[in-house]
Amino acid sequence: MTTSWGQMSEGDSIWDLEPTPGVSVEIKARRSNLQAAPEAFQFDLTLSGFDTNTLSDDAAYDPSYHDKCVFWDYGDSYQFTAPEKVQDGNLDSRWSRGPLGAHTYRESGDFVVRVAVVEPSSGNIGFGTFRIGGASANTPRIRPASEAFEGAATLFVDTNGLAGGYPNAPAGAVRYDNIQAAIEQMPSSAGPRRVILERGQTHVVTAARNLALYNTPLGPTSFRIEANSGTGAKPVLTLENGRFGNGSLLFNDALRAGTSPNAEADIVFAGLDCRGPWDSTTESGAAVTFALAAEAGSNYTLYDDCEFSGWAIAYQSANSDRETIYTINNTAISDWQAYAVFDSSTQVSSAYTGARLTQHVNASSGGPRTSPPRHNTQGPVRFGGPKRAHIWATDIFSRNGWFGQGSVYGVQPCIRFADSASRAGARLNLGASVMESAGPVVTMANGDGNNPDTHVNALIDGNILLGGFMSTDLAVVSYGGSTWRNNFLIQPDVQRDNRSIGGFGINANVMFVFRDSGSGIAAGNLTTPSIIYNNTLVNLLSPGNLFGSTGETRPLINENGFTITYENNLLHEPNRDVPRTLYGTVNVSPPDGTLTPVFAFTPRYNGYRDFDTVRTLNAAFATPSDSGRIWLPEVGSPALGAAMAEPNSMISFAGTRRPELPSIGAAEIE
């Protein structure tokens, strides 16, 4: 019985097992240029000696990406504090699962990364090790930031100024009493620069100019703003009222002047409370993007331990000419106008680890994209044509959108992946996350109308997807090549025939829908396999809220003949006139049989309100507070031990190994 971090019920560890002879596991790492803490690493694997082995990045579909159980140990531990709804067992930064990995190291030093890979079909097991620093290093140690930004390369800001004596200034740092004076020095710098902000203070940017301007080939500049060390309140970084129009605060175009793609051009924000001028509850204020990485932007960006609110977009990536990486670690983003993050790039690897991308619970439901006036328009995160995306232990909530459904505005998905469909084989590893939207929750579909639908490599494992009153379906897929396992998909019991606010009716009884998005299907897309297994599908709709004469739940719709394996999924409908639980009774029942509800989280969606037709919050369409449950089979249910032998992910929603006999659905009686 193994857990997500590899401990076994007998007290041993998965790391102590013997590898299968001939099996090889190689860890590949991507890191920053300056190699200074805090530093984000992103990892993937090359496998050999298994029944299926890793194909190249150029391969449109890689079977080995989908059929393994992968356990990561990053050799460094702290608790994620940004997520509010993620299960406690997934908040230790040291561990994750899946074919992609990522970790942000906040301290300098040497570290050892380990990975264990299990192939259930064959029983083969392999281990990989990657050493950061040390005598047998695979890559150099992580340096203290003071080494990368020595002396005058550090700009220290304390608003108390000279009168206060700058008591916490690092030795040799240049001292300022306002952030504007410090960032004015950035364009003329001949090397890396960092700005340290004193804690417990508000630091106001007063001039509408970029924080980082263009570099020359002789002066590539790494740039960071971070909180001073200590435990006080995060420094607030904000803008002077009335001085900023719509645009970007940091226009990161560092390599425009012809600098080598490997130039030292890192962007880091750490420990900050960044407050923009947009108010999503009133749809007022300037719509300023905090940071935009343009076509020639730097090749490494990290947000660590930050809070962002009131921005049009907290981070936008538009790189497409070379491979770059960005990481959103233990960072909370809310109250946005357009997106929390917009990734429109085609060569980028991203990581979201222990993050929170949650719209303000009282934000307006949105309005048209035309401006003025501006409205809330988009959802938490959109990936255009990504290369890799690793999302782990992240909390995501969407409540607004711009497109019309009847006379109201539809809520955007939590995640839109491969929205521009420009890269075959784009890799997604989405695990241990909580996603709530009043509309569809995850879409993997071409949304721009310019590219044909093409296949991906996506593993969606161990998540909760909770819909709402606009959720016609919970997962919308236009690409072959996705594996969905160990997830909960929940349709709450909320009114669906919304005549009181718009006069449109929708069928809310669908979990998965695979359809051509209307832009054409690329060769091989329909025949590339998708696998949906070991999920628990919970339809809580009562007869009065079911749509149509029968209200029949359709767990899967395959409109265009995709190649789909659909097995071992538990459908649970407890609220119908005649409850339908196809594999026996399922309750929120712990092993002691007390029927005490096990709540994963309390939903956020509190009702509908838009900018013109529904000005007062209509709570009739709020998601009921008891929707976010963990549904376990009762002891003795046929749902335990009744499923087919393959496919079997070996692990359950909670990350623990399943019983010897596989069972149906995502959760187990532990």
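Bear in mind the structure is a predicted one, so any value in this text is a computation, not a measurement. (Residues numbered from 1 in each chain as written. Predicted model: local features only at pLDDT ≥ 70, side-chain atom pairs only at ≥ 80, totals over all residues. Heavy atoms only, no water.)

**A look at the pattern of salt bridges**
Okay, step 1: Here the structure, examined in full by the defined rule, presents 29 salt bridges.
Okay, step 2: Between arginine 604 and glutamate 84 there is a salt bridge whose closest N-O contact spans 3.2 Å. Separated by 520 residues along the polypeptide, arginine 604 in the loop between strand 47 (586-587) and strand 48 (632-633) and glutamate 84 in the loop between strand 3 (69-73) and strand 4 (95-97) bring together distant segments of the chain.
Okay, step 3: Residue class for arginine 604 comes out buried when judged on its relative accessible area of 10%. (Salt bridge = Lys/Arg side-chain N within 4 Å of Asp/Glu carboxyl O. Helix = DSSP H or I, 4+ residues; strand = E, 2+ residues; numbered from the N terminus. Buried < 20%, exposed > 50% of the residue type's maximum accessible area, 1.4 Å probe, protein only.)

**Describing the sheet that holds strand 2 (residues 39-48)**
Okay, step 1: Reading across from one edge, 1-2-5 is the order of the three strands in this open sheet, with antiparallel pairing throughout. Each edge of the sheet is formed by a strand with only one pairing partner; in this case those strands are strand 1 (24-30) and strand 5 (101-105). Pairwise comparison of adjacent strand axes, ignoring direction, gives a mean angle of 30° for this sheet.
Okay, step 2: The pairing of strand 2 with strand 5 spans five bridges and is antiparallel. Residue pairing for strand 5: phenylalanine 41 is matched across the bridge by histidine 103. (Pairing = 2+ DSSP bridges. Axes fitted to C-alpha atoms, helices over the stretch in contact; angles between N-to-C directions.)

**Overview of the packing of aromatic side chains**
The description of an aromatic ring pair rests on the distance of the ring centres and on the angle between the ring planes.
Okay, step 1: Within the structure shown, the criterion is met by 31 aromatic pairs.
Okay, step 2: When the ring of phenylalanine 41 is compared with that of tyrosine 105, the centres are 5.6 Å apart and the planes differ by 85°; the resulting orientation is edge-to-face. Here phenylalanine 41, found in strand 2, pairs with tyrosine 105, found in strand 5; they are 64 residues apart in sequence, far enough to count as distant. In terms of burial, phenylalanine 41 and tyrosine 105 fall into one category: buried.
Okay, step 3: Ring geometry for tyrosine 303 and tyrosine 315: centres 5.6 Å apart, planes at 70°, overall edge-to-face. Residue tyrosine 303 is found in strand 18 (residues 300-304), and its partner tyrosine 315 is found in strand 20 (residues 313-317); the two are separated by twelve residues along the sequence.
Okay, step 4: The exposure class assigned to tyrosine 315 is buried, which follows from its relative accessible area of 4%.
Okay, step 5: Connected via pairs of aromatic rings, a cluster forms that spans Phe223, Phe269, Phe290, Tyr303, Phe308, Trp311, Tyr315, Tyr326, Tyr352, Phe383 and Phe417.
Okay, step 6: Sitting over the ring of tryptophan 15, arginine 114 keeps its end group 4.4 Å from the ring centre.
Okay, step 7: A cation over a ring is seen here: arginine 369 above tryptophan 402, with NZ or CZ 3.7 Å from the ring centre. (Phe/Tyr/Trp six-rings, centres within 6.5 Å; stacked < 30°, edge-to-face > 60°. Lys NZ or Arg CZ within 6 Å of the ring centre and 35° of its normal.)

**Things to note about the side chain of serine 433**
Okay, step 1: Here serine 433 shows up in the loop between strand 32 (427-431) and strand 33 (434-437).
Okay, step 2: The buried category is assigned to serine 433, whose relative accessible area is 1%.
Okay, step 3: Within the structure, the side chain of serine 433 is placed 3.1 Å from the backbone nitrogen of threonine 394, a separation counted as a polar contact.
Okay, step 4: Leave out the neighbours within four places in its chain, and serine 433 touches Ile391, Trp392, Ala393, Thr394, Gly462, Asn463 and Ile464. (Polar contact = N/O pair within 3.5 Å; in protein donor to acceptor, adjacent residues only side chain to side chain. Contact = heavy atoms within 4.5 Å.)

**Section: the state of the cysteines**
Okay, step 1: For the coordinates displayed, the defined rule picks out zero disulfides.
Okay, step 2: In this structure cysteine 274 is a free cysteine whose sulfur lies 5.3 Å from that of cysteine 306, the closest cysteine sulfur available. (Disulfide = S-S within 2.5 Å.)

**Observations concerning the sheet that holds strand 6 (residues 111-119)**
Okay, step 1: Pairing in this open sheet of four strands is antiparallel, and the strands run 4-3-6-7 from one edge to the other. Each edge of the open sheet carries a strand with a single partner, namely strand 4 and strand 7 (124-132). Along the sheet, successive strands turn relative to each other by an average axial angle of 15°, direction set aside.
Okay, step 2: Two elements, strand 3 and strand 6, share five bridges in a ladder whose sense is antiparallel. Of the residues in strand 6, the one forming a bridge with tryptophan 72 is valine 115.

**What about the nonpolar core?**
Okay, step 1: Counting residues in hydrophobic clusters, the biggest one holds 75 residues, and the most contacted among them are Leu237, Phe269, Phe290, Ile415, Phe417, Met444 and Trp484.
Okay, step 2: It is strand 17 (residues 288-293) that contributes the most residues to this core, four residues altogether.
Okay, step 3: If we ignore the near neighbours within four places in the chain, the residues touching methionine 444 are Phe417, Val456, Ala458, Ile460, Val476, Val477, Ser478, Tyr479, Ser482 and Trp484.
Okay, step 4: One finds Val25, Phe43, Leu45 and Val113 within the second-largest nonpolar core, a separate group that totals 20 residues. (Core = buried A, V, L, I, M, F, W, Y, C linked by side-chain atoms within 4.5 Å.)

**Thoughts on the side chain of arginine 609**
Okay, step 1: Along the chain, the position of arginine 609 falls in the loop between strand 47 and strand 48.
Okay, step 2: Glutamate 283 provides the closest opposite charge to the buried, salt-bridge-free arginine 609, at an N-O distance of 6.9 Å.
Okay, step 3: A distance of 2.7 Å separates a polar atom in the side chain of arginine 609 from the backbone oxygen of asparagine 362. (Lys, Arg positive; Asp, Glu negative; His and termini not counted.)

**Thoughts on unusual backbone geometry**
Okay, step 1: Residue proline 38 is reached from alanine 37 by a cis peptide bond, and omega for that bond is -5°.
Okay, step 2: If you trace the backbone, proline 38 turns up in the loop between strand 1 and strand 2.
Okay, step 3: Phi is positive for aspartate 305, which is not a glycine, with a value near 55°.
Okay, step 4: Following the sequence through the fold, aspartate 305 ends up in the loop between strand 18 and strand 19 (307-309).
Okay, step 5: With a phi angle near 55°, alanine 432 is a residue other than glycine that sits in the positive phi range.

**Let's talk about the pairing of strand 24 (residues 348-353)**
Okay, step 1: Counting buried positions along strand 24 yields six of six residues, so the element is predominantly enclosed.
Okay, step 2: The alternating pattern of strand 24 places Val348, Ser350 and Tyr352 on one face and Ser349, Ala351 and Thr353 on the opposite face, and all of these are buried.
Okay, step 3: Where strand 21 (residues 324-329) and strand 24 come together, six bridges link them in parallel fashion. Following the sheet pairing, asparagine 329 is matched in strand 24 by threonine 353.
Okay, step 4: Relative to strand 27 (residues 388-392), strand 24 is paired through five bridges, and the arrangement is parallel. Bridge pairing in strand 27 places serine 350 opposite alanine 389.

**Observations regarding the environment of asparagine 362**
Okay, step 1: With respect to the helices, strands and loops of the structure, asparagine 362 is situated in the loop between strand 25 (356-358) and strand 26 (381-383).
Okay, step 2: The spacing of asparagine 362 and serine 280 is 82 residues in sequence and 7.9 Å in space, taken between C-alpha atoms.

**A word on the confidence of the model for the chain**
Okay, step 1: Averaged over every residue, the pLDDT of the chain is 86; the share at 70 or more is 84%.
Okay, step 2: Segment residues 212-219: pLDDT under 50, and 17 contacts once partners within four positions in sequence are set aside and those in other chains are kept. (pLDDT = per-residue confidence, 0-100.)

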